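Residue strings, one per chain:
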Amino acid sequence: MKVAIASGKGGTGKTTLATNLASYMAETRPVVLADLDVEEPNSGLFVQGDLFHRETKYKMIPEWNSKTCSHSGNCQAVCNFNAILSLADSVMVFPELCHGCYACSELCPTNSLPMKPKPMGELKHFQAGDLDFIESRLMIGEEQAVPLIKQTLDYIAEGFPLDIVKILDSPPGTSCPVIEATKDADLVILVTEPTPFGLHDLKLAVETVRQLDKEFTVVLNRFGIGDDGVIRYCENEGINLIACIPNSRAIAEIYATGRLIYPEVPDVKRAVKVIADFILNHPKGR
Amino acid sequence: MKEIVIISGKGGTGKTSITASFAVLGGEDVVVADCDVDAADMHLLLDPDFSDPEPFFSGELAVIDQDLCIACNKCFEVCRYDAVKIEDGRYSIDEISCEGCGYCARVCPDEAITNVEQNVGNWYRSEIRTGSKMVHARLRIGADNSGKLVAKVKNEARKTATEMEKEIVLVDGSPGIGCPVVSSLSGASFVVLVTESTISGLHDLKRVYELVKKFDIKAGCIINKADLNEDVLRELHSFLDRENIAKLAEIPYDEAFTAAITKGKTIVEWDSSIKERLENCWATIKQLTGVN
Amino acid sequence: MNIVFTTQGTDWDSPIDPRFGRTRYFFVLNEETGDVQTVDNSAIDKEAHGAGPKTSQKLVELGAEVLITGNGPGGNAAAVLKTTGVEVYVGAGEMTVKEALEAYQNGELKKFQGV
């Protein structure tokens, strides 16, 4: 079963929830935790384990063969992303702009642009007891998160049986990377905070998951500050708000050091248990 | 005219709240550019009137004309994104998967496929409650921010600042490390990095700073929630010293931030000690940027 | 020798455009003859990504040997410029074209190291 943890806004507590939830559940059964926020993966700061496997992840980009090139300029003409330039006596490829559509390669009159793999990120697989933690990290300078997110999800699909619970820590926002991370999830948990920013971005996130036709539920973090706008919104919309994690400076301090919170704060353990039970009682989670 | 760009690798550090505070302190001298377009939030604090909406076009999606399609399957063969759907012999393009590469349109023997430019949202040039103007945008769900949109927002803000003879363009930059951030940074006179005294904050600060280093722009750092952890704070200081980044302000963890936002106010319009720190910080930034 | 400036306007008093990839205009000065040509780069606004390299390509077509600009080209643009041998000078971001030329001739501009 795949559970995506997402939020419209950054900084609401996705990673905090994902890491605490996965670690808690792994006390009693095998769990997979994946950090799909490949531009700024943070989960590894809170979850440690032994490195089990690492692999460089590649994307296919064209490589210019100067010997056979006839300088037709066709490559630049067929590229919609400005990723390839046909200059006077050379062809330049910009790997971060390339979307891997293969058009330049397959339409080249002299076959001078074979597609070759280029590293764009790294996947690391850690193990800590019953917890398998997968983290993918995009290389600096790479701009496209989607291919790496997709390959990470493929790695998980190939390596683990369907019935294991997989917690997917998604990137923030509502654009392509989030869509890639959540589109095949069985359940999406939206994390937000009880402030006008939290409410505004929750609405955007709700719109996104509704468009993807995903089942979703909301967890309210830092409960106690701000106002009741989020709670009222969920009530009005008939959205299931399954847990509230209280706000406290103590929690912030624990987070600041990189420790998990639920072992030290009973309120948080209670909230995490409620969420875990919800997942395990879900038709897909049984 | 100076361009001050505020970024943070990580979300939730207070970047938007702080940028809005500077907008209030700068008042009429400042034109604001909200380039954080994926879930933009500044409008909640500055109350723009959403005037002058203009559609924004970016990227293309393929569309198959059913009258011309002969179901030859060529589009399906070349598409790398599984975006060509076949249902009962009828070919169509899945909008969510289509990357807009245009390959299918090029190979279609009947020219049945067209690339349609996407209206991905609107951008606005609003009046804000500080008496000045803000250029901002609203993107559709699933639409990608891009260097183009960020450039557009910044460009319009600069134009406005020039027309109105304002000294400062204040840019709320994009998160992450990709194209939109690079676009946020280009043309900047000064970069403000907002971070927090947590392990995640330090980690993401280092990552985003690698990008900033590539441009030769003066940078300063604001450490928010500074008293959450002494060890991390020390590490932050070492990092800033090593890299010669100006220390602009340290702000203690204070729930007044949230209390203020909840009332639609920035922290400098709220009664707290943070107000003075940010006022001093703003003065320092102006000085380092060379604003009179 | 052709000296090219990134500018926001088309005359000597126009401000330099501190950006490279999305600069509004190119102001091309033939140092020997004193002839000036301005090129409108605003079509670059249509490009979502890859503005830098595309603009670099234009610069190559203009036969530039020296480029004077504000912050300098981003990574990709710089990579293209490197293949052409053009010398890039930065720091003119707040000057007019006239002032930038003087600054360049007096050796007051910084040479951009990325090309």
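Right above here is the structure, for reference.
The residue numbering used here restarts from 1 in each chain and proceeds along that chain's sequence as written. Each chain gets a letter, beginning with A, and each ligand a number, beginning with 1, in the order they are written. Reporting of local features is limited, given that this is a predicted model, to residues whose pLDDT is at least 70; pairs of side-chain atoms are given and counted only at 80 or more, and all residues count toward the totals for whole chains, interfaces and linings. Note that water and hydrogens are dropped before the side-chain values are worked out from all heavy atoms of the structure.

Caption draft 1: Quick peek at the pattern of salt bridges. One side-chain nitrogen of Lys or Arg within 4 Å of one carboxyl oxygen of Asp or Glu is enough to make a salt bridge. As enumerated under the stated definition, the model contains 36 salt bridges over all chains in all. Between Arg80 of chain B and Glu106 of chain A there is a salt bridge, with the nearest N and O atoms lying 3.0 Å from each other. Remark: Glu106 of chain A occurs in helix 3 (residues 103-107) and Arg80 of chain B occurs in the loop between helix 3 (74-78) and strand 4 (84-87); the pair is interchain, linking two chains. Relative accessibility thresholds used throughout: buried, under 20% of the residue-type maximum; exposed, over 50%; partly exposed, between the two (1.4 Å probe, protein chains only). According to the relative accessible area criterion, Arg80 of chain B is partly exposed, its value standing at 41%. With a closest N to O distance of 3.5 Å, Glu156 of chain B and Arg125 of chain B form a salt bridge. Of this pair, Glu156 of chain B sits in helix 5 (residues 147-163) while Arg125 of chain B sits in strand 6 (residues 113-127), and the two are 31 residues apart along the sequence. By relative accessible area, Glu156 of chain B is classed as buried at 6%. Three or more residues are tied together by salt bridges with common partners; here these are Asp52, Arg125, Lys152, Glu156 and Lys159 of chain B. What counts as a helix is a DSSP run of H or I of at least four residues, what counts as a strand is a run of E of at least two, and both are numbered from the N terminus.

Caption draft 2: A look at the sheet that holds strand 10 (residues 216-223) of chain A. Residue and element names in this part refer to chain A. Should DSSP find at least two bridges between two strands, the strands are taken to pair. On the basis of which strands lie adjacent, the open sheet formed by 9 strands has the order 3-6-7-2-8-1-9-10-11 and mixed pairing. The strands lining the two open edges of the sheet, one partner per strand, are strand 3 (50-62) and strand 11 (241-246). The sheet shows a mean angle of 20° between the axes of neighbouring strands, direction not considered. In this structure, strand 6 (residues 115-128) lies alongside strand 7 (residues 131-138), joined through 8 bridges in antiparallel fashion. Bridge pairing in strand 7 places Leu123 opposite Ser136. In what follows, a contact means two residues having at least one pair of non-hydrogen atoms within 4.5 Å. To get an axis, a line is fitted to the C-alpha atoms, and for a helix only the part in contact is used. The angle between two axes follows their N-to-C directions and goes from 0 to 180 degrees. Across the sheet, helix 7 (residues 229-237) touches strand 9 (187-192), strand 10 and strand 11, and the angle it forms with strand 10 is around 165°. Sheet strands in contact with helix 9 (residues 266-280) are strand 1 (2-6), strand 8 (165-169), strand 9, strand 10 and strand 11, and its direction is about 160° off that of strand 11.

Caption draft 3: Representation of the sheet that holds strand 10 (residues 219-224) of chain B. All names here are of chain B. Pairing is mixed in the open sheet, where 9 strands are placed in the order 3-6-7-2-8-1-9-10-11. In this open sheet, the two edge strands, each paired with only one partner strand, are strand 3 (54-64) and strand 11 (246-250). Across the sheet, the mean angle from the axis of one strand to that of its neighbour is 20°, orientation sign disregarded. Pairing of strand 2 (residues 30-34) with strand 7 (residues 133-139) involves 2 bridges; the strand directions are parallel. Considered in strand 7, the bridge of Ala33 is made with Val135.

Caption draft 4: Structural view of the interface of chain B and chain C. At the junction of the two partners, chain B supplies 18 residues and chain C supplies 13 residues. When two parts are brought into contact, each loses some accessible area as probed by a 1.4 Å sphere; the total of that loss over both is the buried area. In total, chain B and chain C occlude about 1,200 Å² of area from one another, counting both sides; carbon and sulfur atoms represent 46% of this. Where chain B touches chain C, the interface holds 1 salt bridge. Close ionic contact of Glu94 of chain C with Lys2 of chain B constitutes a salt bridge, the shortest N to O distance being 2.6 Å. Pairs of N or O atoms are called polar contacts if they sit within 3.5 Å, as long as, within protein, a hydrogen donor faces a hydrogen acceptor (for residues adjacent in sequence, only side-chain-to-side-chain pairs). Viewed at the interface, chain C and chain B are joined by 3 residue pairs in polar contact (both at pLDDT 80 or more). Among the elements of the structure, helix 5 and helix 6 (179-185) of chain B are those that each provide at least two residues to the side of chain B that touches chain C. Among the elements that make up the side of chain B that touches chain C, the one with the highest residue count is helix 5 of chain B (5 residues). Residue classes follow a fixed rule: Ala, Val, Leu, Ile, Met, Phe, Trp, Tyr, Cys and Pro count as nonpolar, while Asp, Glu, Lys and Arg count as charged, and any other residue, Gly among them, counts as polar. Looking at side-chain class alone, the side of chain B that touches chain C contains 7 nonpolar, 7 polar and 4 charged residues.

Caption draft 5: Structural context of unusual backbone geometry. Located in the positive-phi region is Tyr102 of chain A, a residue other than glycine, with phi close to 75°. Mapped onto the fold, Tyr102 of chain A is located in the loop between strand 5 (91-93) and helix 3. A positive phi is found at Lys225 of chain B, a non-glycine position, where the angle reads about 50°. When you line up the elements, Lys225 of chain B lands in the loop between strand 10 and helix 8 (230-242).

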